[in-house]
Amino acid sequence: MRHQVHVADRAAFIEASDLIAEFGELAAIEAANRADRSRSLGNVIHFCHWRHVERTIEMLRGEDVTGTIH
């Protein structure tokens, strides 16, 4: 089951679309790698940011409709 991702600002969409354009199908893996690198450096803010970007990529990649349809 896919969960709906809350996107608080445009930055996650911009980062996600940039990674998708550059890495294609491997974009989510690249975001996860960046998150892991940030965690290794002790940068919790960037870790959370890149994990959020990873979830946003997965949401954008999905073909199912999630959330409320108006």
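Rules and cut-offs
- Residues numbered from 1 in each chain as written.
- Predicted model: local features only at pLDDT ≥ 70, side-chain atom pairs only at ≥ 80, totals over all residues.
- Heavy atoms only, no water.
- Helix = DSSP H or I, 4+ residues; strand = E, 2+ residues; numbered from the N terminus.
- Expected span 1.5 Å × (residues − 1).
- Buried < 20%, exposed > 50% of the residue type's maximum accessible area, 1.4 Å probe, protein only.
- Arc of directions from axis to C-beta.
- pLDDT = per-residue confidence, 0-100.
- Salt bridge = Lys/Arg side-chain N within 4 Å of Asp/Glu carboxyl O.

Side note on helix α1 (residues 11–23)
Then comes step 1: Its 13 residues give α1 an end-to-end C-alpha distance of 18 Å, which sits within 8% of 18 Å, the value for a rise of 1.5 Å per residue.
Then comes step 2: Of the residues making up α1, those classed as buried are Ala12, Ala16 and Leu19. Relative to the axis of α1, the buried residues are bounded by an arc of 65° and lie together on one face. Projecting away from the buried face of α1 at angles above 90 degrees are the exposed residues Ala21 and Glu22.

Some thoughts on the environment of His49
Then comes step 1: Within the secondary structure layout, His49 lies in helix α3 (residues 44–61).
Then comes step 2: Sequence separation of His49 and Ala35 is 14 residues, and the distance between their C-alpha atoms is 7.6 Å.

Some thoughts on the side chain of His52
Then comes step 1: In this fold, His52 is placed in helix α3.
Then comes step 2: The class of His52 is buried, set by a relative accessible area of 18%.

Quick look at the confidence of the model for the protein chain
Low-pLDDT stretches of the model should not have their predicted coordinates read in fine detail.
Then comes step 1: The pLDDT averaged across the protein chain works out to 87; a share of 87% of its residues lies at or above 70.
Then comes step 2: Taken element by element, the predicted model of the protein chain shows its lowest mean pLDDT in α3 (92) and its highest in helix α2 (residues 27–40) (97).

A closer look at the pattern of salt bridges
Then comes step 1: For the coordinates displayed, the defined rule picks out five salt bridges.
Then comes step 2: Put simply, Arg34 and Glu30 hold a salt bridge, and the shortest N to O gap is 2.8 Å. With Arg34 and Glu30 both in helix α2, this residue pair falls four residues apart, about one helical turn.
Then comes step 3: A salt bridge links Arg39 to Asp36, with the nearest nitrogen and oxygen atoms 3.3 Å apart. Here the residue Arg39 and the residue Asp36 both occupy positions in helix α2, the gap between them amounting to three residues, near one helical turn.
Then comes step 4: What emerges from the salt-bridge pattern is a single network uniting Asp36, Arg39, Arg51 and Glu54.

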